[in-house]
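One letter stands for each residue in the lines below.
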Amino acid sequence: MTHILIGVWFALGRLPFGLYRVASTALSALLALVLFVFARERRMVALTNLSLCFPETSVTQRLLWTVKHIYFYLRTFLDRAWLWSGNAATVRDRVRIENPDALVALKGGPPTIFLAPHFLGLDAAWSRLCLEVDMVTMYSNQKNPVLNDLILQGRSKFGDQLLLSRQQGVRPLLTAMKKGRPLYYLPDMDFGERDSVFVTFFGVQAATVTAVARLSKMLQAQVVPVTTVYRNGRYHIRIHQALPDFPMDDDVQSTQAMNHHIETWVKDNIPQYLWLHKRFKTRPAGESRIY
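Rules used throughout
- Residues numbered from 1 in each chain as written.
- Predicted model: local features only at pLDDT ≥ 70, side-chain atom pairs only at ≥ 80, totals over all residues.
- Heavy atoms only, no water.
- Helix = DSSP H or I, 4+ residues; strand = E, 2+ residues; numbered from the N terminus.
- Buried < 20%, exposed > 50% of the residue type's maximum accessible area, 1.4 Å probe, protein only.
- Contact = heavy atoms within 4.5 Å.
- Pairing = 2+ DSSP bridges.
- Right-handed = clockwise from strand over helix to strand, strands pointing away.
- Salt bridge = Lys/Arg side-chain N within 4 Å of Asp/Glu carboxyl O.

### Regarding the overall build of the chain
Phase 1 of the analysis: Looking only at helices and strands, the chain features eleven helices and nine strands.
Phase 2 of the analysis: Oriented by its inertia axes, the alpha-carbon framework of the chain measures out at about 50 × 45 × 35 Å.
Phase 3 of the analysis: Sorting the 291 residues of the chain into buried and exposed places 53% on the buried side.
Phase 4 of the analysis: Contacts spanning at least 24 positions in sequence make up 76% of the contacts within the chain whose residues lie at least 6 apart.

Below, the structure is given as structure tokens:
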């Protein structure tokens, strides 16, 4: 059954662009309404996150953001069909780097960490950047082996990319970066207390990994944020300037500063940030569960 669903999914992705946009928009909108109504647990996770991060907004506004978010989540999921099965020309056409000169300027410089917060277009950004540079990244193994293989094959389709599981540890990652590979790193998920500190995210204590601060300090690497927006059928990547005065002497201060930067980008694109993740699942000692 998994293979059949993947076949239908990839067949949709091979439709001509105009027809694909109409079909995927209609399908995503329909499924978004269905999931909003019936997927109560995930709906409540998104609404809880939004109420914590934007307490001053109305319930109506948070409901609208949640519906839009589920739509964009499904839309970007469907788009992985052409990301992972399409050719380089398709990816270049549908995923645009707004300031390609910024990418060129990084070549020959110090080690680079591409800081990629969890906007829903992060896989599109990865695939597009793979056409320009060979990188290293880390991934979490999926429970479904067919899906796990599909993801790995899709993300390694272009160039000579190095994908490391979190179980492999940091040593091969360090080796790759020392040889000149930029690291594409997703810094803003709750992986528990290990290698994390509690810093605020929109005023709420959030367990946040210190890897960006530690790696930047260890390798004297620049931290270059990469954000992605989906708009009118295409993805638009912005390569920001390296974080100023980063890292700081203290890893906690650096991690807090990183979160504050992420907050500013989220405010500009609220529905397309990953609100379905239990970002505040791990709590400081003495605090009650949120979800």
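### Observations regarding the pairing of strand β3 (residues 136–139)
Phase 1 of the analysis: Every second residue of β3 is oriented toward a common face, with V136 and M138 on one face and T137 and Y139 on the other, all of them buried.
Phase 2 of the analysis: Bridge count between β3 and strand β4 (residues 162–165): four bridges; the pairing is parallel. Looking at β4, one finds that M138 is bridged to L164.
Phase 3 of the analysis: Handedness of the crossover is the feature at issue here: the chain leaves β3, passes through helix α8 (residues 145–155), returns alongside β4, and the resulting connection is right-handed.

### Section: the pattern of salt bridges
Phase 1 of the analysis: Scanning the entire structure with this criterion turns up 14 salt bridges.
Phase 2 of the analysis: The salt bridge partner of E98 is R238, with a shortest N-O separation of 3.2 Å. Of this pair, E98 sits in the loop between β1 (95–97) and α6 (100–106) while R238 sits in strand β9 (residues 234–239); the two residues are 140 residues apart in sequence, bridging distant segments of the chain.
Phase 3 of the analysis: Under the relative-accessibility criterion, E98 is labelled partly exposed at 38%.
Phase 4 of the analysis: One salt bridge in this structure joins D160 and R181, with 3.1 Å as the shortest N-O distance. Of the two residues, D160 is situated in the loop between α8 and β4 and R181 in the loop between α9 (171–178) and β5 (183–185); the sequence distance between them amounts to 21 residues.
Phase 5 of the analysis: Each member of the salt-bridge network shares a partner with another, and the members are R80, D123 and R155.

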